[in-house]
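Observations on the three-dimensional arrangement
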Amino acid sequence: MARDEEVLHLRDRLSRLRSLPLLRGARLSGELERLQRQLERIAAEPTDEDIWRSVELARHPDRPYTLDYVERMLEDWVELHGDRSRADDAALVTGLGRANGRTVALIGHQKGRDIHERTKRNFGMAYPEGYQKAMRVMELADRHGFPLITLVDTPGAYPGVAAEQHGQGGAIAWSQALMARLKIPVVSCIIGEGGSGGAIAIALADRVLMQQNAIYSVISPEGCAAILWRDAAEARKAAAAFKPDALHCLELGVIDAIVPEPADGAHTDPDAAARLLADSLGEALEELHGVPGDELRRRRRARFRSMGALQEPSLTQAGT
């Protein structure tokens, strides 16, 4: 049933119930309250247009990237380069800085502003070398007891032949496994696009935040549309179906909180967006401060293992 039709149906039912003589007392009152709550939920539900607007704002070319936030949130920033093996992947930025007087390690995707920088940074799509560099900094932070912040903004890990030859899938898996073992507080925030394995590789955290107009999904709307309808032009329809926006991710339980943005998007006021993000990150780190490392690791593992649901097939289904 379409959204408008469902609203009309509920309103009609609510009107008819209210016109009944109050003979059933509490039972009728409870039904009225339930219908009213259902209407309020639908009214608060993002529309298909709201969801697509989040997709557009998450991809806005002027949206703040990791280094924009680093400049505004951290002092004494020192960027660390290279994976000490093959290369320095510019799609992932890593380093150390101070936030509110506390040394933190930071890892984040960086897309680039002009075509030259975007090409250099591969549009924020990391090679295995990028995740190996990130793991090097994760281990450094763990060894010295520095909290870890990760900022996610990528369409996904780079899917090219060279990346696969260098072990892309393995690098993503190793990064997740390492994050699951860390004994330091880890806070992640999706600040733009949170695309598939490229995102979760650095987002296995104690607290996962998401900016108001960011998106987080296992596939892009265009990729989903190409699979379901063999037409990437149906991306808007796909986004409405799998709902990658912040409100639905919070409802699904894959994030812990939504970070507010300036009214028309983070790109309209990067300074304000940075203040809001810094406040949310600071609150999350404060909540985790003092929790023993073994307990952090135990909770983190339990959290991600509990996500999703497994349904065993029935004998009838198994035989068909």
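The paragraphs below set out a description of the structure included in this document. Source: prediction; values computed, not measured.

All right, on to the pairing of strand S4 (residues 148-154) then. Most of S4 sits out of view: seven of its seven residues are buried. By the alternation rule, side chains of S4 split into Leu148, Thr150, Val152 and Thr154 and Ile149, Leu151 and Asp153, which are all buried. The pairing of strand S3 (residues 102-109) with S4 spans four bridges and is classified as parallel. If you follow leucine 106 over to S4, its bridge partner there is isoleucine 149.

This part is about helix H14 (residues 293-305). The terminal C-alpha atoms of H14, which comprises 13 residues, lie 18 Å apart, in line with the 18 Å expected from a rise of 1.5 Å per residue. Buried residues of H14: Gly293, Leu296, Arg300, Arg303 and Phe304, and no others. Relative to the axis of H14, the buried residues are bounded by an arc of 95 degrees and lie together on one face.

Note that an α-helix has 3.6 residues per turn; residues three or four places apart therefore point the same way. Among all positions in helix H11 (residues 235-242), only Ala235, Ala238, Ala239 and Ala240 are buried. Each element contacted by the buried residues of H11 is listed here: helix H3 (48-58) and helix H10 (221-228). Immediately downstream of H11, the backbone of lysine 243 shows phi near 55 degrees, a positive value.

On to the nonpolar core. Membership of the largest hydrophobic core comes to 40 residues, with the highest contact counts inside it found for Ile107, Tyr131, Met138, Leu148, Ile202, Met210 and Tyr216. Mapped onto this core, the elements with two or more residues apiece are strand S2 (92-99), S3, helix H6 (128-144), S4, helix H8 (168-181), strand S5 (186-195), strand S6 (207-211) and helix H12 (246-252). Looking at this core, the element that brings in the most residues is H6, giving seven residues. Contact partners of isoleucine 107, with chain neighbours within four places excluded, come to Leu92, Val93, Thr94, Ala134, Val137, Met138, Leu148, Ile149, Thr150, Leu151 and Ile202. Core analysis: the second largest hydrophobic core is formed by 24 residues, Leu151, Ile191, Leu277 and Leu296 among them.

This part covers the packing of aromatic side chains. In this structure the tally under the stated criterion is zero aromatic pairs. Sitting above the plane of the tyrosine 65 ring, arginine 113 keeps its charged end 4.0 Å from the centroid.

One number sums up the size of the largest pocket: a volume of about 400 Å³. In terms of lining residues, the largest pocket is bounded by 18 residues, among which Tyr216, Ser217, Val218, Leu252 and Val254 are the most central. Listed by contribution, the elements that provide at least two residues to the lining of the largest pocket are helix H9 (196-200), strand S7 (215-217) and H12. Along the lines of polarity and charge, the residues of the lining of the largest pocket split into twelve nonpolar, five polar and one charged. Of the voids in this model, the second largest pocket is the one considered here, and its volume is about 240 Å³. Residue lining of the second largest pocket: 13 residues in total, with Ala99, Asn100, Ala278, Gly282 and Leu285 positioned closest to the centre.

Right, let's get into the packing of helix H4 (residues 66-73) against helix H13 (residues 270-288). The N-to-C vectors of H4 and H13 enclose an angle of 75 degrees; their axes lie 9 Å apart at closest approach. Put simply, H4 runs roughly perpendicular to H13. Contact residues: H4 offers Tyr69, Arg72 and Met73, while H13 offers Pro270, Asp271, Ala273, Ala274, Leu277, Ala278 and Leu281.

This part is about the pattern of salt bridges. Enumeration according to the criterion identifies 19 salt bridges in this entry. Note that glutamate 261 is salt-bridged to arginine 63, the shortest N-O span being 2.6 Å. Taken as a pair, glutamate 261 in the loop between strand S8 (257-259) and H13 and arginine 63 in the loop between H3 and H4 lie far apart in primary sequence, 198 residues in all. On the basis of relative accessibility, which here comes to 8%, the residue glutamate 261 falls in the buried class. The partner of lysine 133 in a salt bridge is aspartate 88, and the shortest N-O contact between them spans 2.7 Å.

Within the secondary structure, aspartate 153 is located in strand S4. Here the side chain of aspartate 153 touches lysine 111 through a polar contact of 3.1 Å, side chain to side chain. Aspartate 153 has contacts with Tyr65, His109, Lys111, Gly124, Ile191, Gly192 and Glu193, leaving out every residue within four places of it along the chain.

Further remarks concern the side chain of arginine 63. The class for arginine 63 is buried, based on a relative accessible area of 0%. Within the structure, the side chain of arginine 63 is placed 3.4 Å from the backbone oxygen of leucine 57, a separation counted as a polar contact. Setting aside anything within four residues of it in sequence, one finds arginine 63 in contact with Leu57, Ala58, Asp68, Arg113, Ile191, Gly192, Gln211, Asn213, Ala214, Glu261, Ala266 and His267.

The rules behind these values
Sequence order sets the numbering: in each chain, residues are counted from 1 along the sequence as written. Whole-chain, interface and lining totals are the exception, using all residues; otherwise, since this is a predicted model, local features are given only for residues with pLDDT of at least 70 and side-chain atom pairs are given and counted only at 80 or more. Hydrogens and waters are ignored; side-chain quantities use all the structure's heavy atoms. To sort residues, take the accessible area from a 1.4 Å probe on protein chains only and compare it with the maximum for the residue type: under 20% means buried, over 50% means exposed, and anything in between is partly exposed. Runs of E in the DSSP output that reach at least two residues are strands. Runs of H or I that reach at least four are helices, and both are numbered from the N terminus. By definition, two strands form a pair when at least two bridges between them are found by DSSP. The length a helix should cover is 1.5 Å for every residue beyond the first. The arc in question is the one spanned by the directions pointing from the helix axis to the C-beta atoms. By definition in these notes, contact holds between two residues if any of their heavy atoms fall within 4.5 Å. Side-chain atoms within 4.5 Å link the members of a nonpolar core, which is a set of buried Ala, Val, Leu, Ile, Met, Phe, Trp, Tyr and Cys residues. Only Phe, Tyr and Trp rings are paired, with Trp represented by its six-membered ring, and only when their centres lie within 6.5 Å; those with planes under 30 degrees apart are stacked, over 60 edge-to-face, the remainder tilted. Think of it as a cone above the ring: NZ of Lys or CZ of Arg counts as a charge over the ring if it is within 6 Å of the ring centre and within 35 degrees of the ring normal. Cavities and pockets are defined on a 1 Å grid built over the protein atoms alone: a cavity is a set of grid points where a 1.4 Å probe fits but cannot escape, while a pocket is an open set with protein on both sides within 12 Å along at least five of seven lines, and lining residues are those with an atom within 4 Å of any such point. Grid points are joined across faces, edges and corners, and a volume is the space filled by probe spheres set on the points. Side-chain classes are defined by residue name, with Ala, Val, Leu, Ile, Met, Phe, Trp, Tyr, Cys and Pro counting as nonpolar, Asp, Glu, Lys and Arg as charged, and the others, Gly among them, as polar. The angle between two axes is taken between their N-to-C directions and runs from 0 to 180 degrees, where each axis is a line fitted to C-alpha atoms and a helix contributes only its stretch in contact. If an angle is under 35 degrees, it is roughly parallel; if it is over 145, roughly antiparallel; if it lies from 65 to 115, roughly perpendicular; otherwise it is oblique. By salt bridge we mean one thing: a side-chain nitrogen of Lys or Arg within 4 Å of a carboxyl oxygen of Asp or Glu. The term polar contact refers here to a pair of N or O atoms within 3.5 Å; inside protein, the definition further demands a hydrogen-donor-capable atom paired with an acceptor-capable atom, and it admits residues adjacent in sequence only when both atoms are side-chain atoms.

Honestly, it's all geometry; don't read function into it.
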